[in-house]
Amino acid sequence: MTLMKQIAIIGMGRWGKNLVRDFSKLSKVKTCVTTGNRKNMMWLRKNYPNIDLTTDINQVLNDSDIDAVVIATPIKSHFTIARKSLESKKHVFVEKPLTKTVGQAEKLIDIAKRNKLCLFVGHVFLYNEIFQKIRKIHKNESIKHANFEWKKLGTFDEDIFENLLSHDLALNLELFGVPKKIQIKNKYSLLTSVDRFSLELFFGKTRRSEITIDRTSHYKKKTVMITTRKNYYIWDNDELLKFDKKTETYKKIFQSKNMPLYLECKEFIRIISAKNYSVDSAILAKKISELILKISTD
């Protein structure tokens, strides 16, 4: 009988709470680390009274019963917390982006490999069931053009490329590989240096992708329009639509049933339970960091 994995979650903001919810269905969340925010502490005690609560990360690092650490803290803290966790022989799940620099990502990958640990980066859209359908469509019909459009409000306290663009780059790299060329079409400022932008990725002569992100929108919507050799598709939130040439309308052909975050958490637990320790998603995250560095300095 396989014992349930015990994990700790560091960071109790909005996304940290989501991680507590889903990891609690798959493992034993033993400890949560918070900065001491009173509302977050009250939320945990009310909803998960059996989880230990601490403001001291060392309580987690020194606990030999904890198999893995899940990090949902501000981007600038990812490297330090992940490094300490790996050095304490804990598997690590860290929300994207992995680190602020490519060099830091390389160091974490080296530590994970040396200690035979899993270093897993949360690119949640990769685990959307619709994305898995799109991978099959690409295999059968070959995508020629993809248009990624994302409208939302906030978050303005993180770099838009690191925080939001990293998601769409993950999808593009998994589908098409590393682009041969990236061209920024436009970018606009509201509260920070960049709050709206669009760019184009070129994957050879016959394939390209556009990404447009606006974090100043009054409504939230994420869509991906896809053109293959045979047809047109739209990924609209949790629905996949296909163009019907006879009726000249889009018809729903698939709707996702499971939440992507739950599937992502499940995959992390599967990897560490199977002792098939992987750094594949960390290598992907490093490639994304390299592209973001190139884009932000152009």
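Notes on the structure follow.

Calculation rules
Residues numbered from 1 in each chain as written. Predicted model: local features only at pLDDT ≥ 70, side-chain atom pairs only at ≥ 80, totals over all residues. Heavy atoms only, no water. Buried < 20%, exposed > 50% of the residue type's maximum accessible area, 1.4 Å probe, protein only. Helix = DSSP H or I, 4+ residues; strand = E, 2+ residues; numbered from the N terminus. Right-handed = clockwise from strand over helix to strand, strands pointing away. Pairing = 2+ DSSP bridges. Salt bridge = Lys/Arg side-chain N within 4 Å of Asp/Glu carboxyl O. Patch = residues over 30% accessible without salt bridge, like charges linked within 9 Å, V, L, I, M, F, W, Y side chains within 5 Å. Areas by Shrake-Rupley, 256 points an atom, 1.4 Å probe, with all protein chains shown as cover. Axes fitted to C-alpha atoms, helices over the stretch in contact; angles between N-to-C directions. Contact = heavy atoms within 4.5 Å.

**Comments concerning the pairing of strand S4 (residues 68-71)**
Step number 1: Burial of S4 is two-sided: the residues Ala 68 and Val 70 facing one way and the residues Val 69 and Ile 71 facing the other way are all buried.
Step number 2: On the question of chirality, the crossover connecting S4 to the parallel strand S5 (residues 91-95) by way of helix H4 (residues 78-87) is right-handed.

**Structural notes on the pairing of strand S13 (residues 239-244)**
Step number 1: Bridge count for strand S12 (residues 232-236) against S13 is 4 bridges, and the pairing is antiparallel. From the neighbouring strand, Ile 234 faces S13, where its bridge partner is Leu 241.
Step number 2: Counted between consecutive antiparallel strands, the loop separating S12 from S13 contains 2 residues, among which Asn 237 sits at a positive phi close to 55 degrees.
Step number 3: As paired elements, S13 and strand S14 (residues 249-255) share 6 bridges and run antiparallel to each other.

**Observations concerning the pattern of salt bridges**
Step number 1: Scanning the entire structure with this criterion turns up 19 salt bridges.
Step number 2: Of the charged contacts in the structure, one is a salt bridge between Asp 65 and Lys 30, with a shortest N-O distance of 3.6 Å. Of the two residues, Asp 65 is situated in the loop between helix H3 (57-61) and S4 and Lys 30 in strand S2 (residues 28-33); the sequence distance between them amounts to 35 residues.
Step number 3: We note a salt bridge from Asp 168 to Lys 222, for which the minimum N-O separation is 2.6 Å. Here Lys 222 lies in strand S11 (residues 216-228) and Asp 168 lies in helix H7 (residues 160-176), a separation of 54 residues in the sequence.

**Side note on a nonpolar patch on the surface**
Step number 1: Judged by side-chain polarity, Met 225, Tyr 232 and Tyr 250 come together as a nonpolar surface patch covering roughly 280 Å² of accessible area.
Step number 2: Given a relative accessible area of 33%, Tyr 250 falls into the partly exposed group.

**Thoughts on the sheet that holds S4**
Step number 1: Strand order in the open sheet made by the 6 strands is S3-S2-S1-S4-S5-S6, with parallel pairing throughout. Single-partner strands in this sheet number two, and they are strand S3 (52-54) and strand S6 (119-122). Pairwise comparison of adjacent strand axes, ignoring direction, gives a mean angle of 20 degrees for this sheet.
Step number 2: Relative to S5, S4 runs parallel, the two sharing 4 bridges. Residue Val 69 lies in a different strand from S5, and its bridge partner there is Val 92.
Step number 3: Packed on one face of the sheet, H4 meets strand S1 (6-10), S4, S5 and S6 and runs near 165 degrees to S5.

**Examining the sheet that holds strand S7 (residues 143-153)**
Step number 1: The sheet built from 8 strands is open, its strands ordered S8-S9-S10-S7-S11-S12-S13-S14 with mixed pairing. The open sheet has two edge strands, strand S8 (181-188) and S14, and neither has a second partner. With direction set aside, neighbouring strand axes in the sheet form an average angle of 20 degrees.
Step number 2: Looking at chain direction, strand S9 (residues 196-202) and strand S10 (residues 208-214) are connected through 7 bridges and run antiparallel. Counted as the bridge partner of Glu 200 is Glu 210 from S10.

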